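# Working through the structure, step by step
Single-letter residue listing:
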Amino acid sequence: SDYRGKMTPIAIIQNGTVTGESCVTGTLGQAAQMALDIDLSKHGVIVVGDVVAEHPSFFEDELQRVLNL
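In this text the structure is predicted, and so the values were computed from the model without any measurement. The numbers attached to residues start from 1 for each chain and follow its sequence in the written order. The model is predicted, so local features are restricted to residues of pLDDT at least 70 and side-chain atom pairs to those at 80 or more, both for listing and for counting; the totals for chains, interfaces and linings are taken over all residues. The side-chain figures draw on all heavy atoms in the structure; neither hydrogens nor water molecules are used.

With that out of the way, let us pick up the sheet that holds strand S2 (residues 22-27). A strand pair is defined by DSSP finding two or more bridges across the two strands. Think of it this way: any DSSP run of H or I at least four residues long counts as a helix, any run of E at least two long counts as a strand, and we number them from the N terminus. Reading across the sheet, the 3 strands line up as S2-S1-S3 and stay open at both edges, with antiparallel pairing between neighbours. What marks the edges here is a single partner per strand, and that holds for S2 and strand S3 (44-48). In this sheet, adjacent strand axes meet at a mean angle of 15 degrees when their direction is disregarded. In this sheet, S3 lies alongside strand S1 (residues 9-14) in antiparallel orientation, the contact comprising 5 bridges. Following the sheet pairing, Ala11 is matched in S3 by Val47. Axis definition: a line fit to C-alpha positions, over the contact stretch in the case of helices; interaxial angles, taken between N-to-C directions, run 0 to 180 degrees.

Together, Leu28, Ile46 and Val48 make up an exposed nonpolar region whose accessible area comes to about 270 Å². On the secondary structure map, Val48 appears in strand S3. Grouping into patches uses exposed residues only, defined as over 30% relative accessible area, and leaves out salt-bridged ones; the cut-off is 9 Å for like charges and 5 Å for nonpolar side chains (Val, Leu, Ile, Met, Phe, Trp, Tyr). All accessibility values rest on the Shrake-Rupley procedure with a 1.4 Å probe; residue burial counts only the protein chains present in the view. The salt bridge criterion pairs a side-chain nitrogen of Lys or Arg with a carboxyl oxygen of Asp or Glu, the two atoms within 4 Å.

This part is about the environment of Ala31. Take Ala31: it is sitting in helix H2 (residues 31-36). Three exposure classes are used, based on accessible area relative to the maximum for each residue type with a 1.4 Å probe and protein chains only: buried under 20%, partly exposed in between, and exposed over 50%. Look at Ala31 and you get partly exposed, because its relative accessible area is 27%. Between the C-alpha atom of Ala31 and that of Ile10, which follows or precedes it by 21 residues, the distance is 7.9 Å.

The subject of this paragraph is unusual backbone geometry. Despite not being glycine, Asn15 has its phi angle at roughly 55 degrees, a positive value. Position of Asn15 relative to the elements: it lies in the loop between S1 and S2. Even without being a glycine, Thr17 presents a positive backbone phi close to 70 degrees. Following the sequence through the fold, Thr17 ends up in the loop between S1 and S2. Accessibility expressed as a relative area gives 78% for Thr17, which makes it exposed.

And the structure:
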């Protein structure tokens, strides 16, 4: 469904495994906003799917999404 697509977990990982690593998590519906929160000059990897929900920061963000509905 369209709702499931927008709620699909996504992570953007930049500078993975090195100093300055960052990881921004959210959902596909938030991807445009997430792009504003990263440094577009740095390399990164985008991970999409339920595996992202295993990351601790996604769980914390998900709690906030549920509380703000």
